[in-house]
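Chain by chain, the residues run as shown.
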Amino acid sequence: MSTGTIVAIVVIVILIAIIVALYFLGKKAQKKQAEQQEQIDAYKQNVTMLIIDKKRLRLTESGLPQNVIESTPKLMRRSKLPIVKAKVGPQIVTLVADEKIYDDIPVKKEVKAVVSGIYITSVRGLHGKNAPVEQKKKSRFKQALEKAQEKAGVKQVK
């Protein structure tokens, strides 16, 4: 056998081993995520709260209790989380919002939220209409791309 075929076989074997390892790690992570979702569903509570402020902050800067910060993995402490400060009853609490609903949370409005521990899973407005979410300003590249597509007669797919 030539050295080229031996190298190709070794590379293919390594790639197959990596794919198999990723498959099993993915299955394990999926099972763990399903268990966490079951726990969140078990501790759901409906709460009326006044949203004071919302920001994306690092876990160490968020104002969450120290035992929560210590129990999170070290890599997660550096990432930014959607943090919501809200008045629940007479006290002001710091909560973590789900990434999916963070943009839908209105600031300085009273809402009914489904909370599981310190985690907000869903929100709906209580009084009045929800203000429309402001669209982010488009970058110059996107504006130029849309303009070029418009001139070419191509419709933007959304």
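Structure: see above.
About the thresholds
- Residues numbered from 1 in each chain as written.
- Predicted model: local features only at pLDDT ≥ 70, side-chain atom pairs only at ≥ 80, totals over all residues.
- Heavy atoms only, no water.
- Pairing = 2+ DSSP bridges.
- Helix = DSSP H or I, 4+ residues; strand = E, 2+ residues; numbered from the N terminus.
- Patch = residues over 30% accessible without salt bridge, like charges linked within 9 Å, V, L, I, M, F, W, Y side chains within 5 Å.
- Areas by Shrake-Rupley, 256 points an atom, 1.4 Å probe, with all protein chains shown as cover.
- Salt bridge = Lys/Arg side-chain N within 4 Å of Asp/Glu carboxyl O.
- Buried < 20%, exposed > 50% of the residue type's maximum accessible area, 1.4 Å probe, protein only.
- Axes fitted to C-alpha atoms, helices over the stretch in contact; angles between N-to-C directions.
- Lys, Arg positive; Asp, Glu negative; His and termini not counted.
- Contact = heavy atoms within 4.5 Å.

Another point: the pairing of strand 3 (residues 91-97). Inspection of the sheet shows strand 2 (residues 80-88) paired to strand 3 by 6 bridges, in the antiparallel sense. Note on strand 3: the bridge partner recorded for A86 is V93. Between the end of strand 2 and the start of strand 3, which pair antiparallel, lie 2 residues, with G89 showing a positive phi angle near 65°. Inspection of the sheet shows strand 3 paired to strand 5 (residues 119-125) by 2 bridges, in the parallel sense. Each bridged residue has a counterpart across the sheet, and for A97 the counterpart in strand 5 is I120.

Let us now look at a nonpolar patch on the surface. Side chains of M1, I6, V7, I9, V10, V11, V13, I14, L15, I18, L22 and L25 sit close together on the surface and give an oily, nonpolar patch of about 1200 Å² of accessible area. By secondary structure assignment, the location of V11 is in helix 1 (residues 3-42). When its relative accessible area of 42% is taken as the criterion, V11 is described as partly exposed.

Turning to the pairing of strand 2, a few remarks are in order. In terms of strand pairing, strand 1 (residues 45-58) meets strand 2 through 8 bridges, oriented antiparallel. Bridge pairing in strand 2 links R58 to K80.

Glancing now at the sheet that holds strand 2. Spatially, 5 strands are ordered 1-2-3-5-4 in a closed barrel, and the strand pairing comes out mixed. Each strand axis lies, on average, 50° off the axis of its neighbour in the sheet, ignoring direction. Of the pairings in the sheet, the one linking strand 4 (residues 110-116) to strand 5 comprises 6 bridges and is antiparallel in character. Paired with K112 across the strands is R124, a residue of strand 5.

This part is about the side chain of D98. As for its position among the elements, D98 is in the loop between strand 3 and strand 4. Of the buried charged residues, D98 lacks a salt bridge, with K100 as the closest side chain of opposite charge at 4.6 Å. Residues in contact with D98, not counting those within four places in the same chain, are Y119, I120 and T121.

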